[in-house]
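# Examining the three-dimensional arrangement
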Amino acid sequence: MGRMSDLNTADTPGTDSPDTPPHSPTAAEDGTPMTPSVPEKPALEGLEEKLSRAWEQERLYRFDEDAERGTVYSIDTPPPTASGSLHVGHVFSYTQTDVLARFHRMRGRNVFYPLGWDDNGLPTERRVQNYYGVRCDPSRPYDPDYTPPQSPAKNQRDWDVISRQNFIELCEDLTVEDEKVFEDLFTRLGLSVDWTQTYRTIDDDSRTVSQRAFLRNVVSGDAYTAMAPTLWDVSFRTAVAQAELEAKERPSAYHRYAFAAAGGEQVFIETTRPELLPSCVALVAHPDDERYRHLVGTTVTSPLFDVEVEVRAHHLADPEKGSGIAMICTFGDMTDVTWWRELDLPTRTVIGRDGRFSAETPEWLTTESARANYGRMAGLTVHSAKETVVEMLREQDLLDGEPTPITHAVHFYEKGDKPLEVVTSRQWYIRNGGRDAERRSAMVERGREVRWHPGFMRSRYENWVEGLNGDWLISRQRFFGVPIPVWYRLDAQGEPDYEAPILPEESQLPVDPAAQPAPGFDESQRGAAGGFVGEMDVLDTWATSSLTPQIAGRWGRDDTFFDAVFPYDLRPQGHDIIRTWLFSTVVRAHTLHGSVPWTDTALSGWILDPDRKKMSKSKGNVVVPTEPLEQFGSDAVRYWAASAKLGADTAYEIAQMKIGRRLAIKLLNASKFAFNLGVTEEHIVHDADTSAVLSEPVDRALIAELRDVVERSTRSFEDYDYARALQLVESFFWSFTDDYVELVKERAYGSRGEDAQASVRAALATTLDTVLRLFAPVLPFATDEVWRWWRSGSVHAAAWPAPEDLGSVEGAPALMSTVAEALAGIRRAKSEAKVRQRTEVRSARITAGATEAGHLEAALGDLLAATRSHSLELVSEGAAGGGVVVSEVDLADPEEG
RNA sequence: GGAUCCGUAGCUCAGAUGGUUAGAGCGCUCGCUUCACACGCGAGAGGUCGAUGGUUCGAGUCCAUUCGGAUCCACCA
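Before going into details, it helps to say that this report is about the structure given with it. A quick note: this is a predicted structure, and the numbers were derived from the prediction, not measured. (Residues numbered from 1 in each chain as written. Chains lettered and ligands numbered in written order. Predicted model: local features only at pLDDT ≥ 70, side-chain atom pairs only at ≥ 80, totals over all residues. Heavy atoms only, no water.)

## Structural notes on the environment of Val465
Tracing the sequence through the fold places Val465 in helix 11 (residues 458-466). Its relative accessible area of 0% is what places Val465 among the buried residues. Along the backbone, Val465 and Asn432 are 33 residues apart, and their C-alpha atoms lie at a distance of 8.5 Å. The contact partners of Val465, leaving out residues within four places of it in the chain, are Arg440, Met443, Val444 and Phe583. (Helix = DSSP H or I, 4+ residues; strand = E, 2+ residues; numbered from the N terminus. Buried < 20%, exposed > 50% of the residue type's maximum accessible area, 1.4 Å probe, protein only. Contact = heavy atoms within 4.5 Å.)

Here it is in C-alpha cells:
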C-alpha cells in the first residue's frame, strides 16, 4: 500500500526530456493531476524503443546498493553463453524470470537482477581460436603488446601461439560484440535487468572468485587431488565429469572367444571390445554362478596374448549378460574400474591419452607370438585395433562364431564425437557426495531446503544426487579457462610433491601458475630439482559457473554487498541443467557458506517447434527471436512466454503471440476510450467502502470483482504461478471491456445525470489504475505507455495493487455476471434475427431467480440503455440459482432504429 | 531397469483442498461500419475429460491396473 508510491512522484526526467513524445502528458510541476494526453491512434509500434530508453534514463531497474537484506529480492540470473547463438528459448525463459522480477519490484522489493556473460569454456575457446587464428600455450609468458593478426592464417600451423592471459584478453575483446547482440535483444524484450550489474565468467573478478573458492575448498578438504581412472575424451584430450556425459546408442557386436583353463577347458567370454584383450587383468563371474564356481581362484590364459589371469567372483557380474563371465580390462568402462579397485587387480594400460594403443609392446606380454600379435596393433586407434584383433582371432580360428550385432549405449562427452575411454591420470576433485554417504544426504537435504517451482523438479535433483558414482572432477586438460591456482614442489629428484601443493595468498588472486612463479620461488626454479612446477590444468567451466551467486554478489570484494544479496531469493534456469549448474551451485554454497545458495528455484521448460520437437540448431528448426519481436511486438511475445507455466515444455506458438498482441492493443484502446470519457487520475477511488461517488451497484460490483482478481492473482504470483495470475487478470479485463464498458457507455456519456456519470468515471479510473498495474509485469510496454498518458512516472515504479486499496466492497460479486447474461440474451435475440446490435427493443422479458432478479433490477437503467430497450419486464422465479432467461424479445423495425 | 511429467472440444491449454447442466482462446459457422478498437464487435456449433476397475451419497479431480506420448537417470562384459 503505497510502499513504492513515493518513487513515481519525482525524479522522472522522462516526462520533459527531449525524447518526450508529442502526446506525453503535460506534467504539472506542482503535483496537481494532469489531463490525460491520448494519441489519436494508439499503436504498439515504436513503444519498445521509446520506453526502454526512458527506463534507462530514469534508472528504473537499478539496484539500491544500500538496501537492507530484508527488502532485497535477488536473482541468480543465468549468464548466457556469449558466443552462443540467439534462440527463442532465451526469450521464453528470460521473460518468465523478468515477469517475476517485475512483480517483486512492484511489491516493494529492491530487486537485484544482474546479468553476466558466460565466456569461459570450450565454445569461446574455439571461437577465439578460429576468429583470430591463435592458439593458447599456457607456458608462454604474457606479452602486453600483443596484437592478433589481421586475418587468421590459413594453415593452423601458422597460427600465433600466445599466453593464457593474452588469450583471455582476446576473448574479452571478441565477446563484447556477441554480448551487445544479446543485450539489444534483452532490452528490446523489456527485461528489467540492471545493466550496471554485469560480469563475465572469464574476467579478473570472476577468476578471483573462482580461485578463491577453490582455495577455500582445498583448505577445508572439500577439494583434493588424486591419481585415478577417469573418463577421458580422446579428441579434446581432457578428463570429463559425470555430469557432462551423454549416452548415445551405437551399433556394436558381441565377439565370443575363449580363455584356456587348466585341463584344456575353454572359458568363453563375450565382449564388445575385443581390442582390450591385451589389457585383460582377470575374468569375473557371479559368486553364485554354478557354471563358473569351480574356476574361481584358478587362472586362465588369454588367447593371442598368452597372459595368465585370475578368475574372480564379484556380485556385480551379471550371469544374464553375455556368457555370464566377463573380461576385466584396464579399462573398458567404469565397471572395470570398480572391479579393479574392489578386487585389487593389476593395472595394464594399453590405450594412451590420444586414444591410440601404445606404440611400445607392454612388458607383461612375454611370449614371442603375443609380442608379435601386439606389434600389429601398436599405435592404432581403438577402432583400427579392434579390426586388427578380430582379424587375428579369425586367422587363428579363435573366434567362436560370427560377431553378433547389437545396439548399446556408449558414453560420450556431450561436446565430443568419439566414445570416452577410461584413463588413469592425476586430477582435482570436489566432494559432492559421490563417494560419501554423509555428504550425499547433506546434498539431498539442501535440495529440500530449496522451494522448487514446479515442485516435481526436485525429484530430478534427488535422482541425480543419489545416482552419483564419484566426486566432481573439476580439472580439465585444456588451455583456456580459469587456471587451477596451485604449484607443486619438486624434490631432489625433480619429482613433484602432489600431497602438499603450494597455494597463493588470496590477495594475490587471480594467478596463473603456468606463467607466474610459486610464492617464495623464482621463475628460474621452474622445473628444476628442488624448485617447483605450476599446475597446467584449468577448472571446468561449471566450477566457475557454480559460483554465479558469489561472482555477481561481489563475494570477497564487498562483504556488505554480498550479505545483502546472499542467499539469493531466486535461481531461474532450464530443467536440463539441474545436474550441472543447479547441483554444482548447491555444492559450492554448502562447502563455502554452509547454506543453500537460494531459497527458490524456477525451472523453465523447453521450446518445442509447432510439431512438438525440441528446437535445436542441428534440426534447423530454430526461430531467430528478433522475427516474432518485430512482427508482433515485445508484449505479444512476452504474453506467449508468460502464458506457459514453469517447467512446461511449450510449443512455439504464433497464435498465442497474436492473442497477446490483441490484448495489448485492446489495453491501449480501452484506456483511450476511458480517457475520452473524461476519466482522470482524480477519479481513482482509494477506498470503495467510504466512497460516496461510487453510487451505482453495477460499479460497486465491478470493483468487488476486481478486488477478488487482485487477491487471487497476487496469491498466484507469490506462488510463482504467473501464468495463472495473467489468466485471471486477462479474463477480468475482457469481461470488463465486453460487458461492463458496453453496459455503462450511455451513462458515461451523461445520459443519467452527473452523479451516475461520476460513479462510472470512478469505476473506470480505479479499474484502469489497478489493471494496468496487474498487467505491468507481463505487458511492460503497453501498460507503461498508457500510464504515461495520465500519470507521472512509470507504472513499473508503482506499487503492486493490494486488495485493501479497493476497500472491502460489500455487495454482489455475481451481479456483473448476471447482468452480462441478460445482456447476452438480448444480443442473442438480435443476432438470431440477423439485425444490427443497435436495433431497438420494444419489450422483452427476463426471467431469473430472486437474487438474480434483484441484481438486474439494480442494473436496469444501464441494461435498458445498453440494449436500447424501451422496456424490460423482470420476472422473479424461484429463490436463487437457475439461469437468466431472456424471452419474448420484440424488436423494433430496423427503420425505427 | 529406476524416476518424473503429460494424455480434457479440430488445435493450444485452464480446471486449489473431489460437489449443481466441464471452461478459455484460436480455428470453424452465422451476423454486424454499434460515435475506443475491422489489428474490431456480437452470436452459435463443438467434449461420454486415454481405457478399465475401485473408494465415495457424489470423481476430469483420490487409489489400483492398463494403453499412449515426452523427459531425466542407469545401462559399454
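## Side note on the sheet that holds strand 8 (residues 238-239)
Read across the open sheet, the 4 strands follow the order 8-7-16-18; overall the sheet is antiparallel. Edge positions in the open sheet fall to strand 8 and strand 18 (472-473), since each of these has one partner strand only. Relative to strand 8, strand 7 (residues 223-233) is paired through 2 bridges, and the arrangement is antiparallel. Bridge assignment links Trp232 to a residue of strand 8, and that residue is Ala239. (Pairing = 2+ DSSP bridges.)

## With respect to the nonpolar core
Judged by nonpolar contacts, the single largest core of 123 residues is most densely connected at Tyr740, Phe775, Trp790 and Leu863. Ignoring any residue separated from it by four or fewer positions in sequence, one finds Leu863 in contact with Leu743, Val819, Ala822, Leu823, Ile846, Leu856 and Leu872. If you look at the next biggest cluster of nonpolar residues, it comprises 68 residues, including Tyr199, Phe214, Val450 and Ile502. (Core = buried A, V, L, I, M, F, W, Y, C linked by side-chain atoms within 4.5 Å.)

## Quick look at the packing of helix 19 (residues 697-718) against helix 21 (residues 754-775)
With their axes 10 Å apart at the nearest point, helix 19 and helix 21 run at an angle of 10 degrees to one another. As summarised for this structure, helix 19 and helix 21 are arranged roughly parallel, according to the angle between their axes. At the point where helix 19 passes helix 21, the crossing takes the left-handed sense. Contact with helix 19, carried on its side by Asp699, Leu702, Ile703, Leu706, Val709, Val710 and Ser713, involves Ser759, Val760, Ala763, Thr766, Thr767, Thr770, Val771 and Leu774 of helix 21 and no other residues of that element. Taken together, the residues that form the contact of helix 19 with helix 21 break down as 9 nonpolar, 5 polar and 1 charged. (Axes fitted to C-alpha atoms, helices over the stretch in contact; angles between N-to-C directions. Parallel < 35°, antiparallel > 145°, perpendicular 65-115°, else oblique. Left-handed = near helix turned anticlockwise from the far one by under 90°. Nonpolar A, V, L, I, M, F, W, Y, C, P; charged D, E, K, R; others polar.)

## Some words on the pattern of salt bridges
With the rule as written, the count across this model stands at 58 salt bridges. A salt bridge links Lys50 to Glu785; the shortest N-O distance between them is 2.7 Å. Of this pair, Lys50 sits in helix 1 (residues 47-58) while Glu785 sits in helix 22 (residues 780-790), placing them 735 residues apart in sequence. With a relative accessible area of 5%, Glu785 lands in the buried category. Notably, a salt bridge pairs Arg827 with Asp739, separated by 3.4 Å at the nearest N-O pair. Taken together, the residues Arg827 in helix 23 (residues 815-832) and Asp739 in helix 20 (residues 722-748) connect sequence positions 88 residues apart. (Salt bridge = Lys/Arg side-chain N within 4 Å of Asp/Glu carboxyl O.)

## Some details on the packing of aromatic side chains
For the structure on display, the rule yields 34 aromatic pairs. Residues Phe63 and Phe112 carry aromatic rings whose centres are separated by 4.8 Å and whose planes lie at 55 degrees to one another, so their mutual orientation is tilted. Highlighted residues: Phe63 in the loop between helix 1 and strand 1 (72-74) and Phe112 in strand 2 (residues 110-112), separated in sequence by 49 residues. Given the relative accessible area of 6%, Phe63 is considered buried. On the numbers, 5.7 Å between centres and 80 degrees between planes, the contact of Trp640 with Tyr652 is edge-to-face. With Trp640 in helix 17 (residues 634-642) and Tyr652 in the loop between strand 27 (650-651) and helix 18 (654-676), the pair connects residues that are 12 residues apart, well separated along the chain. Neither residue differs from the other here; Trp640 and Tyr652 are each classed as buried. Clustering of aromatic rings is evident, with ring pairs tying together Phe63, Phe112, Phe561, Phe562, Phe566 and Tyr568. In this structure, Arg212 is placed above the aromatic ring of Trp555, and the distance from its NZ or CZ to the ring centre is 5.6 Å. Across from the ring centre of Phe561, 3.8 Å away, lies the NZ or CZ of Arg554, which sits over that ring. (Phe/Tyr/Trp six-rings, centres within 6.5 Å; stacked < 30°, edge-to-face > 60°. Lys NZ or Arg CZ within 6 Å of the ring centre and 35° of its normal.)

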